[in-house]
Structures are given as C-alpha cells and as structure tokens.
Amino acid sequence: MMKRMVAVLLSVCCLDGIAETDVHWTWCGWGGGGWFWSSAADPANPDVFYMGGDVNGIWKTVDAGKIWSFVNRGLGNYVVYSLAVAPSRSQTVYALTENGVCASFNGADSWTVCRETMRSAYDVCAKRGGSVHAIAVDPQDDRIAYAGGGSGRAVKTRDGGRTWEILDYLSSRQPEPGERPEPFSGAGYGVITVAANEMDWANYIRIQKFLSQEGEDWSRFTSVSTRLFLPASAPKGIAATIVLQSGGWVWKEGGMVPLKPGEWTELTFPMNAYHNPKQINMIHLVIRTNGKGYKGEIAIDQCVATGSGTIRMIGEWDGLDAEGWIVSPDANTKSITRAFAVSRQPRIPSANGPIRTIAVSGADPRVVLICQERYGLFRSTDAGRSWQHVREAPQGATCVAWAGPLAPKRWYGAFGRSGVFVSEDDGTTWHSLNLTLDGRLGVRDIAPDPKSPGTVHVITTEGFRGYVATTRDNGKTWEKTSRFTAERPANPTLPGNGATGTITGLSNLTISPASPDRLHLAANWNPCFSSDGGKTWQERCNGADITCFHDIRFLDGKVYGAAMDEGTLVSEDDGKRWKALFPIRWKPGLSGHHWRVLPQRLENGATRIICTLSPWAHGHDFPVKVIVSEDGGKNFTEAKGLPEYRTHANTMWGEGHGRALAVDPKCPDILYLGIDGDPEKGNAGGGIFKSSDGGKTFARLANQPKSLRMFYGLAIDPTDTRRIVWGACGEGAGVYVSEDGGNSWWKTPNLNDWIFNVEITPSGTIYAGGSRLWRSDDSGKHFHETGTLIPGTVTGIAVDPDDEARVWCSVTTWSGDADGGIFESLDGGRTWHTITGDIPYRKPLVVRYNREKQELWAAGPAVFKTSRQSRSRRRRQ
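Residues numbered from 1 in each chain as written. Predicted model: local features only at pLDDT ≥ 70, side-chain atom pairs only at ≥ 80, totals over all residues. Heavy atoms only, no water.

Visitor: Which residues make up the overall build of the protein chain, and what values go with them?
Guide: Summing up its helical and strand segments, the protein chain has 0 helices and 72 strands in all. Burial status across the protein chain gives 61% buried among its 877 residues. The long-range share in the protein chain, meaning contacts at least 24 apart out of those at least 6 apart in sequence, stands at 57%. For the protein chain, the exposed surface amounts to about 33500 Å²; the carbon and sulfur share of it is 49%. (Helix = DSSP H or I, 4+ residues; strand = E, 2+ residues; numbered from the N terminus. Buried < 20%, exposed > 50% of the residue type's maximum accessible area, 1.4 Å probe, protein only. Contact = heavy atoms within 4.5 Å. Areas by Shrake-Rupley, 256 points an atom, 1.4 Å probe, with all protein chains shown as cover.)

Visitor: Which residues make up the sheet that holds strand 49 (residues 579-582), and what are the values?
Guide: The sheet built from 4 strands is open, its strands ordered 46-47-48-49 with antiparallel pairing. A strand with exactly one partner marks an edge of an open sheet, and here the two such strands are strand 46 (548-555) and strand 49. When the angles between neighbouring strand axes are averaged without regard to direction, this sheet yields 30°. Note: strand 47 (residues 558-564) against strand 48 (residues 567-571), 5 bridges, orientation antiparallel. Looking at strand 48, one finds that A562 is bridged to T568. (Pairing = 2+ DSSP bridges. Axes fitted to C-alpha atoms, helices over the stretch in contact; angles between N-to-C directions.)

Visitor: Tell me about the sheet that holds strand 38 (residues 465-471), and name the residues and values.
Guide: An order of 36-37-38-39 is seen for the 4 strands of this open sheet, with the pairing classed as antiparallel. Every interior strand has two partners, whereas the edge strands, strand 36 (442-448) and strand 39 (479-481), have only one. With strand direction ignored, the average angle separating the axes of adjacent strands in the sheet is 25°. Sheet analysis places strand 38 next to strand 39, joined by 3 bridges and oriented antiparallel. Counted as the bridge partner of V468 is T481 from strand 39.

Visitor: Report on the environment of A469, specifying residues and quantitative values.
Guide: Along the chain, A469 falls in strand 38. A469 has contacts with L435, V456, H457, V458, W478, E479 and K480, leaving out every residue within four places of it along the chain.

Visitor: Go over the side chain of T793, please, and point to the residues and values.
Guide: Relative to the helices and strands, T793 resides in strand 66 (residues 793-799). A polar atom in the side chain of T793 sits 3.2 Å from the side chain of W814. Once residues within four sequence positions are removed from consideration, T793 is found in contact with F756, G770, S810, V811, T812 and W814. (Polar contact = N/O pair within 3.5 Å; in protein donor to acceptor, adjacent residues only side chain to side chain.)

Visitor: Summarise the nonpolar core; cite the residues concerned and give the values.
Guide: Counting 42 residues, the largest nonpolar core has W25, I58 and W111 as its most contacted members. Discounting chain neighbours no more than four positions away, the residues touching W25 are I822, I835, T836, G837, D838, I839, L856, W857, A858, F864, K865 and T866. (Core = buried A, V, L, I, M, F, W, Y, C linked by side-chain atoms within 4.5 Å.)

Visitor: Which residues make up the confidence of the model for the protein chain, and what values do they have?
Guide: Residues with a pLDDT of 70 or more make up 86% of the protein chain, whose mean pLDDT is 86. For the stretch residues 1-17, pLDDT sits under 50, and the model shows 43 contacts to residues farther than four places along the chain or on other chains. Long-range and interchain partners of residues 310-348, a stretch whose pLDDT sits below 50, account for 123 contacts in this model, where long-range means more than four residues apart. (pLDDT = per-residue confidence, 0-100.)

Visitor: Before we move on, can you summarise the state of the cysteines with the specific residues and values?
Guide: Taken as a whole and assessed by the stated rule, the structure comprises 0 disulfides. The closest cysteine sulfur to the non-disulfide-bonded C371 is located on C399, 6.4 Å from its own sulfur. Given the relative accessible area of 0%, C371 is considered buried. No disulfide involves C528; its sulfur sits 8.5 Å from the nearest other cysteine sulfur, which is in C541. (Disulfide = S-S within 2.5 Å.)

Visitor: Just give me the short version of the pattern of salt bridges, but keep the residues and values in it.
Guide: Counting across every chain of the model gives 37 salt bridges. Linking D817 and R119 is a salt bridge whose minimum nitrogen-to-oxygen distance equals 3.6 Å. Here D817, found in the loop between strand 67 (807-812) and strand 68 (821-825), pairs with R119, found in the loop between strand 11 (112-114) and strand 12 (135-137); they are 698 residues apart in sequence, far enough to count as distant. Within this structure, D551, R553, R596 and R848 form a network of salt bridges that share partners. (Salt bridge = Lys/Arg side-chain N within 4 Å of Asp/Glu carboxyl O.)

Structure, rendered in structure tokens:
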C-alpha cells in the first residue's frame, strides 16, 4: 500500500448525524467559462469590485480584477443577478439571488440569508436576464436596502435584512382594460360575471347577503363599508349600499356613489340612518351603469360593519356562497347574472414581469425609482411610502442611475430600444440623449460618471451581441466599442481567436465612484476592465471560475478536464494553469459541451486522448461526437459509426448527450459510450455503443437496457471485463448488468432508484449513486443502502484503489441553492463524515481521486482539490 499522507484533524462537528470535518480546498480552475451577470464597486476603494455569476456565486477582487477570489461562505444561492455595496459603509454588501437576498457586513467574507425574501416567504428572487440592478442601498444608512424580484414584488428593510416590508408601488398605476385589480386588502376578493342590458334606476345588478329572518342587533355599529371595482374597460357606473330592517321590511339607501372604471370605490352606509337598528336582516349592493349595458366582471372587497365591534362580511375570500352572498337581478329588471366566480388573489402585490432596477438618490434618499419590465417607471419621494407611476416616461425601462453630487437632481435612464434618456427633476420628466441603436439592440445598463456631469457609459444588447457606448458631452456625441484585449494565461480557449476578442452577452456595467475612469463589465465569458474611462477594455477573469466541468482525469502528472462550452483542457502544473486541447478555435459542429475525457498511455509511449462532446446547435441539430487524439492532443480526428442525429425522446436534458464513457481495464482499445434517448420515428435512439479500436469507430450494441435515460452511469468490472454496469433514470430506472459484453442485460430486482453514476472497485464492489448511495457485493444481484447521507442526488463517486474501504461521494441538488456536500467513508460506506469544508461550491457533480499525488478533486462549476484529509484514520477492527 502506498505511503499515506499524514491526516490532520482540524475540527469535527455534526451535520444531520454525520460527523463534519473541517477541510481546506484549493481552487485549481482557470477562470472564465460561464455567464457573469452582476457587478458592483466599492465606493471608497477603486481596486475593489464584486461580480456575480449564474451558477457559481460571487467573486471579489482587491486589485482591479487581476485576481478574483470566491466569496461564497454562507451564501444561500449560487445564482446571483444583482449586487449592491452600501455607499456609507463599503463593508456592507447585498446580493439578490434566485432564492432571495443575502447580506454581508464584512466585505463578503461571510453572508447571511435574508429569509423573509426567499421563495417560501415574500419570493423576492432574481430573474435571469430580467434583473439588472434590482437591489439598492440607502446612501446614508447601510441597514436600509431595497430589493425587487422576478415577480415584480418590491421590498424594503430597515434593519440590515432581518425584516422586510412590502412596497405597494403597483397601486399607483392605471389598470389596463379588462385587467383584474390587486385586492384592496386581505387575501382576495369576489368577482361576479354579469351580462346586463340598458341599466337605469329600475334596472340594476343586485348583490345581497341575508342575515336572518328575525334580524340582528346592529346598534353597536356605526357604519357599513364596501369596496367595488369596475375594470378600466367598463362604462362609468354608480352604486349604493342598502340595509334592510325586518318588521315592515324597511330599507334605507346609503346614497349613490360614482364608480370610476379602473379604481376601487368605497361605499359607506351610516347606521344612524336607522333610529333603532336592532332588526337588520339583509344587506344589498346595487350597481347600474347609467343606461348603458355592461358585460364583464365586477369585483367586491372588504364589506365590513364597524363600531364597538367588527363583522367582516367579506374578508378572506374562500367563496361568496359560503358567506351567504347571492347575486341576482331585481325581479322587475332586464339585467341578467350570467355567471358567478371567486378570484383568490395573493396577499402580496406582484406584477407580470420582474423589477429590473431599484435606485436611490445619493442626494436625497427619500427619492427611490423602480424600473418594472411591464409597467415601466415608478417614483417615490418619501422612501417608498407612496408612489407615482411615471406614465410619461419612455417605454422599456431597464435601468436608471443617479448622476452624482454635481448634478443632484439629474438621473440617466436606459430604456431598452427607446434609447438613453436624462431627467433633470428626479425622474419626473425625461428627454432623449440621441444614441442611435443598431438593428434590434436595446440599452440595458447605464453608469454615469459621478465626478464628470455629462459623461455616461451604457451597454447595449440583443442576445449575445452588443457594445459599450460612451458620451462625454451629455449625449451630443457617442463613442462605441465591442473589442477587448485577451488575458491569455487566464483563458485558454481564447488564443485560437487571437489576442483580441469581441465582448458578448453584456450584462452589468459598474463605475468606480472613487476613480470613475475605472469601469467593470460583467459579460458572458469575458469580464472586462477599463482604466481609461471606457476607451479600451482588457479581459480580467483570472480566478473567477465559472466553468462547468463534467470530468477530471489524471495521467503522467497531468490533469485533463472536460468542460461545457470550453472543451477539453489540460494542466501540467496540478491546476495552476490550463491550456485548451480541443477545440482551440470556434468551429461549427465541433465547438460545444464536452462531457467525458479519457487519457491513455499507449505501448509506443504516446498519449491517447478521447473526449465526448455535444456540439452547439446554432440552427443545426448536430449529433454527439467522439474526438480522438493519438499524439497527446496535437491532432484530433472524429470517430465514425455514431448516430447522425441528435436524440430527444426520454432524455435527461431535453436532448441526448454522450455523458458516459468507460474503458476496458484490461484492453484499452475497447471502449463503451453511453448516449441517452429512446428510439423515435426515423432513428434508433441513443444507448450503448462499443469501440474495439481505441475510439476510432463505434457500433451500437444490438441489445440495450430497458431504460436509455442516463447521466454518468456506465462502468466495466475489472474482475470480469465482460461485465458492464449501466445506471438508468426515468421509467425503468435502476441498475442494469450485462455479463456477456453487452449482448444481453438484466435489471437488479431490488433497486428502482434513478441512478446517476456507477463506480466499480478493483475487487468488483459496485457503487450506484441516486437519491442514496447504493452498494452491491455480489456483482449487482443485490444492492443495499450505505450509511446515511444528506438529501440530494449522489452524482460523484470515487474509491481509493489502494484502500477500497475509503470511498468519497458528492451530493448535489438541481437548483441554485447552496446545499449538498462532499463526503468520505473509511469503512466502505457504513458511516460517513462530511469533508465539504471551505469549498466555495458545495455540491460538485464529479469527485476524482489522484492516486499519484493522493489528492481528492471536486469538479462541477469550477475545480478544487484537497490534499489534507482533515480526519485521522480510525483504527479498524
């Protein structure tokens, strides 16, 4: 047995009954590789910026982007679409994620989840592409912050995120024709559907509630109030409340009140209209539309009798019928009630579309502006207590930004395809700055220079296209650029494109308040910096790793990786630097998502490299490819014999991918490839394909497992290489075994879990990862559950070949939430301890053990390794 590295016990606690060991992980990715969406600058230090991505959390730089570092400790969700730093205290940072707001008060060293903003509470969650700068901080008090979610909901905190209040900005807008309103109060309201003709004083709609035959004593009440709503498309109407008294059936009317379409109207009946209101037995609401017919809806909310006590006759609307209300025409009228329905509305106001930006004036924190995708611009001058819908503002509001202290009432706005506008009166009126947009481009983000009034930077986008535009004379002239200088060491996929590149997928633009010549651009794969006020841009992504790796392998001191988007990579210095093997430049039909990589040492001393990939479509349904190099990656050729189509039926991610690759341990020329997908009209589907010539040609096995829906699950038993194990998902999920090289298959009878990965030890023990980690000691005939792990999906499995009792696995979840973990067992899976430690991404898809260097690697979004196993070995019985 190889000499073991001394393990150091750092600390142990307990996680759901699992011993937790503190482990340090070292980042060893390369930087770039995903979509960088959000950006924020330290208001006092021009070297400090923050950046958020779509899968891997938040990074911080303290040297203007030369090196980025993960700052994810305590972050509740790894999908970060908006960031904000407090102007009054730069250590306070807020992040808007796909599951609410997180707050940091120590410069992002650690984060606290603001639970009231999560999906399960107020649901103030970021939306991909929709959230631009959807979180803002009061310029004078870092405990006061505003956030807006993908639902259009806006909230405010006054205590640093512990508690939040709803901002009802939507009530200030005019409802659209036919639109149902937000409830005036409570959980909902009733809706009646009517068809009434030629209504006048004798022809009206009547809604009534019967109390009792004998009547009720209402002497303790002073009034009865009700609210009605006519849609904006309805004709003007009038309504009244009528209260009936038994004993002669006396009725009194509260007076006809005009109903203004598109607004809630309150009707009030004074109970002193009755000298002795002790026999009240019926309430009527009567509505007519001044001689015009009306076909449509009428909403009723909050019918309440008030006084020394309160009766809420319409409150939490579970149904009008249950509360004794009925709808009917008057016996002598022509009006007809055609239908009756109840609409249950949410308590919390929301809109159809995200809040794109919330911004606060640096000169007057009472001035707050909201850009909402559907309804446009809203404005408050009392810190969110009341709102004005700025109906005269241009269409397509995406971002507004305060100009700075030298122009305290000036704001600049990005209004999509309407262009760039400026306001000189705190957002009340706007006029164009005359930026001519190319094609279908729209203005997404805007960054005014706070020290130079009239200097404004914007980004324009449409899909992946776009550019940065700058005016230095308040819109008279504009400069445009979309080029950057490549950071070669940090981005190995770029040298094939030359020393410069085109900025794509522009998302956020941030200017340093301390040094406005410094700007940061969060954009797809290539985050960039400018140090000359936007004239030139340099790619700076070193350390900002967002690459989605699906495989890591080791051979002869080198590390090989397969990554979505970036291709097949190699590192010769244990992950410090990487270079691209394939592709080295973009090529249709070959550039795309790489899934598996397999390096082999050949008898002639050369290195064979086999990788699987799914080309990007770009309008074509390119099939899955296998690429083979026989000279260490200098040249690659495409394998033959694979399907010429892409599968779609019964696949994990909507289309078939070659995510499974296994090699015969005794004959490196024999390979098996797994592609998910059932047969469809015109094709035979995916399945298992075999190569006997080192990956040059493949042929589909004549017989296949029942389920072809799979993830990573394919392995060959080193004790009998004719035994192949397949892990399947969906209908027919479980483990399938062939003992004759794939000619026939049988399914393990006692395992029906979705199996995402399988691993076989040198002695033939099979591990299968699904909702649990399963183990078989009899070649797959029976499986039993290993020791308890946390909830999630086991996707990564690794075994120490020199000590099979030492097993590692990773547990992932399929949302952006920061849960999951990495686990180690020293007794073959009977018991586990977590070694998640300080890894910035808690739920990697892949774990691999580097036998040569005795390192455990974890990959998924980004790559990390640990060589200090922070747990002393237990003495085995």
